[in-house]
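The primary structure of each chain is shown beneath.
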Amino acid sequence: MRAYVPGYQLQTPRSLADALALIGNEPGVWKPFAGGTDLMVLLEAGRLPHRNYLNIWPLSELRGIEVTETHVTLGALTTYTDVQAHEVLRSEFPMLCQAANETGGLAIQNRGTLGGNIVNASPAADSPPALLAYDAEIELVSNRGARWLPYDGFHTGYKQMTMLPDELLSRIRLPRNTASLKHYYRKVGTRKAQAIAKVCIAAIARVENAVMTDVRVALGSVAPIVLRCKQTEDAIRGKALTDDSVNQARETLMREITPIDDVRSTASYRLRVAANLLVHFLLTARS
Amino acid sequence: MTSKTAIEFKVNGESHKLEVFPMARLLDVLREQLHLTGTKEGCGEGECGACTVKLDGQIVNSCLVPVAQVNGSSITTIEGVAQGDQLHAVQQAFIDHGGAQCGICTPGMILAAVDLLERNPEPTEADIRNGLAGNLCRCTGYMKIFESVVRACQNR
Ligand SMILES: Cc1cc2nc3c(=O)[nH]c(=O)nc-3n(C[C@H](O)[C@H](O)[C@H](O)COP(=O)(O)OP(=O)(O)OC[C@H]3O[C@@H](n4cnc5c(N)ncnc54)[C@H](O)[C@@H]3O)c2cc1C
Ligand code: FES
Ligand code: FES
């Protein structure tokens, strides 16, 4: 059933300070509204119980991509189109660009934001695996101040996160330490555009003399949250990439993830595909 | 209940001042308040692209844009693609090569194709498929649409 539009408030603050004052004075009353590509779908389906939104789309403080010697910092309102157009992201963070390219169609990429993707907190979202593998940090702001935290650990359970009701996600920061690494991103879905992933992997590796000296693995759609698979990483880090060690990593992964059956796929399919993707990643890294 | 607020924006070069509910969909405001019924509704959830319009130079799904977010913006709908009686090369190609059947997807397809050619005047096959990936058609089987876009590139 379609929503009754006059029942919804969408206020446009003049500045970020304005927005923070409003959500600070009435915590929980106002929720941010960015590109609307998640919220409008819920509205249309009559499944948007919250009524009061703050239109953060015009806030220039939350836009832009900044590059320093050590980091690339992206405003929360960075769209998928912005990501793909950025030279440094394309050369140093290709998995994020690939995720952006495989998110929705172009019209979605022009409106959907990284901040919205993170806070919408779908375990099937496509950019979070890449952000986890790149050791992203996120900044939360409120009129009490700002705090940076590792993105890993931000999601604590299905659609649960450590953001307080008076906070906004303002920026995402990626350390520029990916130069000599191998990057591996695969989204498995029914079709390339528009489809939500059945399983998604983002992984990076540093291989020296056939030994895996550094490795990070993150998967989507295999747990209540997008998961950095630390046990699997530990199982292969520092080891020579042999059939045995690859198999051990595979078995660790199959214990570490807990996929479910849903409309898009089954638990057993997801388990099998996730394991195959890990093996393919490790074999690609070896060659 | 919220009250209506005043917004101002341009559609196909013409300025409009309207009283709107802020969460009203741009799609509905275009069709019902401005009577620009060329923009179609297919799915109403961002999947089909029938409601595609250009917003400040980028294509968007107008079913997913609350009208409060277009205050001060400039929009192009299918009604603004031709120059007077002179059809755009993409529109002419759709007519000449059977790119439209029932027509529901056509305005969105044409806007997506026009946008693609503006960004990339010599698209490859893959570029065309990618550029139109957000637009669904239930009639043509896509090949005629694809051919129309290829011909439009050649005829410009
Ligand atoms: C047709 C279609 C296809 C899609 N395909 C994909 C896909 O392939 N992969 C994928 O991952 N997603 C996909 N999505 C989902 C969606 O596009 C993304 O999740 C997008 O990044 C959401 O961003 P937004 O700005 O539109 O969020 P909004 O809808 O504006 O907001 C989403 C949530 O985040 C909150 N929020 C937004 N910004 C902030 C902020 N700065 N601080 C705090 N909270 C905030 C909002 O309150 C809301 O709860 C698709 C959606 C559609 C309609
Ligand atoms: S009606 Fe907007 S995308 Fe289908
Ligand atoms: S022509 Fe009918 S949906 Fe495309």
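Residues numbered from 1 in each chain as written. Chains lettered and ligands numbered in written order. Predicted model: local features only at pLDDT ≥ 70, side-chain atom pairs only at ≥ 80, totals over all residues. Heavy atoms only, no water.

Participant: Looking at this structure, I do not really get the packing of helix H2 (residues 89-96) of chain B against helix H5 (residues 143-155) of chain B. What am I missing?
Facilitator: The description of two helices packed together rests on the angle between their axes and the distance between the axes. All names here are of chain B. Interhelical geometry of H2 versus H5 gives an angle of 135° and a closest axis separation of 8 Å. As far as their axial angle goes, H5 and H2 are oblique. The interaxial crossing formed by H2 with H5 has right-handed handedness. Here H2 contributes Ala 89, Val 90, Ala 93 and Phe 94 to the contact with H5, which in turn contributes Ile 145, Ser 148, Val 149 and Ala 152. When its residues are assigned to classes, the contact of H2 with H5 shows 7 nonpolar, 1 polar and no charged. (Axes fitted to C-alpha atoms, helices over the stretch in contact; angles between N-to-C directions. Helix = DSSP H or I, 4+ residues; strand = E, 2+ residues; numbered from the N terminus. Parallel < 35°, antiparallel > 145°, perpendicular 65-115°, else oblique. Left-handed = near helix turned anticlockwise from the far one by under 90°. Contact = heavy atoms within 4.5 Å. Nonpolar A, V, L, I, M, F, W, Y, C, P; charged D, E, K, R; others polar.)

Participant: Please clarify how the domain arrangement of chain A should be interpreted in this entry.
Facilitator: Much of the literature gives interface size as the accessible area that the parts lose upon coming together. Residues and elements named next belong to chain A. The domains assigned to chain A are domain 1 (6-55), domain 2 (60-175) and domain 3 (182-286). Using only C-alpha atoms to locate each centre, domain 1 and domain 2 end up separated by 19 Å. Here domain 1 packs against domain 2, burying approximately 1,200 Å² in sum over the two surfaces, 68% of which is carbon and sulfur. Applying the counting rule to domain 1 against domain 2 returns 2 residue pairs in polar contact (both at pLDDT 80 or more). Among the elements that take part in the side of domain 1 that touches domain 2, helix H1 (residues 16-25) stands out by supplying 5 residues, more than any other. Taken together, the residues that form the side of domain 1 that touches domain 2 break down as 7 nonpolar, 5 polar and 1 charged. (Domains from an automatic or database assignment. Buried area = accessible area lost by both parts, 1.4 Å probe. Polar contact = N/O pair within 3.5 Å; in protein donor to acceptor, adjacent residues only side chain to side chain.)

Participant: Any chance you could explain the domain arrangement of chain B here in plain terms?
Facilitator: Residue and element names in this part refer to chain B. For chain B, the assigned domains read domain 1 (5-80) and domain 2 (89-154). Computed over C-alpha atoms only, the centres of domain 1 and domain 2 are separated by 21 Å. In this assembly, 14 residues from domain 1 lie in contact with 12 residues from domain 2. Counting each side, the surface lost to burial between domain 1 and domain 2 is near 1,100 Å², with a carbon and sulfur contribution of 62%. When residues of domain 1 are sorted by the area they lose upon contact with domain 2, Lys 54, Ile 59 and Ile 78 head the list and together hold 42% of the total. Where domain 1 meets domain 2, there are 2 salt bridges. For the salt bridge of Lys 54 with Asp 115, the shortest nitrogen-to-oxygen distance reads 3.7 Å. Counting across the domain 1 and domain 2 interface gives 4 residue pairs in polar contact (both at pLDDT 80 or more). (Salt bridge = Lys/Arg side-chain N within 4 Å of Asp/Glu carboxyl O.)

Participant: Which parts of the structure should I look at to understand the site of ligand 1?
Facilitator: By nearness alone, 34 residues border ligand 1, and Thr37(A), Asp38(A), Tyr80(A), Thr113(A) and Asp126(A) come closest of all. Close to ligand 1, residues of chains A and B are found. For ligand 1, a nitrogen atom lies 2.6 Å from a polar atom in the side chain of Asp126(A). Between Leu169(A) and ligand 1, the recorded distance is 2.9 Å, taken from a backbone N or O atom to a nitrogen atom. Isolated, ligand 1 exposes 990 Å² of accessible area, and the fraction of that covered by the protein chains is 93%. (Near = heavy atom within 4 Å. Areas by Shrake-Rupley, 256 points an atom, 1.4 Å probe, with all protein chains shown as cover.)

Participant: I would appreciate a short explanation of the sheet that holds strand E13 (residues 211-220) of chain A in the present structure.
Facilitator: The pairing of strands in a sheet happens through backbone hydrogen bonds and is either parallel or antiparallel. The antiparallel open sheet is built from 4 strands, whose spatial order is E11-E12-E13-E14 (chain A). On the outer flanks of this sheet lie strand E11 (182-188) and strand E14 (227-228) of chain A, each paired with one strand and no other. (Pairing = 2+ DSSP bridges.)

Participant: For this particular structure, what's the right way to read the packing of helix H10 (residues 243-256) of chain A against helix H11 (residues 267-286) of chain A?
Facilitator: Residues and elements named next belong to chain A. At a closest axis distance of 9 Å, the pairing of H10 and H11 adopts a crossing angle of 150°. It follows from the interaxial angle that H10 and H11 lie roughly antiparallel. You can see that H10 and H11 cross each other, and the crossing is right-handed. The residues of H11 that touch H10, namely those facing Asp 243, Val 246, Ala 249, Arg 250, Leu 253 and Met 254, are Leu 271, Ala 274, Ala 275, Asn 276, Leu 278, Val 279, Leu 282, Leu 283 and Arg 286. Its residues assigned to classes, the contact of H10 with H11 comprises 11 nonpolar, 1 polar and 3 charged.

Participant: What exactly am I supposed to notice about the packing of aromatic side chains here?
Facilitator: The geometry of an aromatic ring pair is captured by the separation of the ring centres together with the interplanar angle, meaning the angle of the planes. Residues and elements named next belong to chain A. Applying the stated criterion across every chain yields a total of 4 aromatic pairs over all chains. Aromatic side chains Tyr 151 and Phe 154 sit 6.4 Å apart centroid to centroid with 40° between the ring planes, which places their arrangement in the tilted category. Residue classification places Phe 154 among the buried positions, given a relative accessible area of 0%. On the basis of an interplanar angle of 45° and a centroid distance of 5.7 Å, the ring pair of Tyr 184 and Phe 281 is categorised as tilted. Taken together, the residues span a long stretch of sequence, with Tyr 184 in strand E11 and Phe 281 in helix H11 at a distance of 97 residues. For Tyr 184, a relative accessible area of 8% gives the class buried. The ring centre of Trp 57 lies 4.4 Å from the NZ or CZ of Arg 63, which sits over that ring. For the cation-ring pair, Arg 111 lies above Trp 57, with the distance from its terminal atom to the ring centre recorded as 4.3 Å. (Phe/Tyr/Trp six-rings, centres within 6.5 Å; stacked < 30°, edge-to-face > 60°. Buried < 20%, exposed > 50% of the residue type's maximum accessible area, 1.4 Å probe, protein only. Lys NZ or Arg CZ within 6 Å of the ring centre and 35° of its normal.)

Participant: Got a minute to help me understand the interface of chain B and chain A in this structure?
Facilitator: Between chain B and chain A, the residue contacts involve 30 residues of the former and 30 residues of the latter. For the pair chain B and chain A, the summed buried area comes to about 2,600 Å², and 59% of that belongs to carbon and sulfur atoms. Of all residues in chain B, the largest losses of buried area upon contact with chain A belong to Met23(B), Leu64(B) and Gln69(B), amounting jointly to 29% of the total for that side. Counting across the interface, chain B meets chain A through 1 salt bridge.

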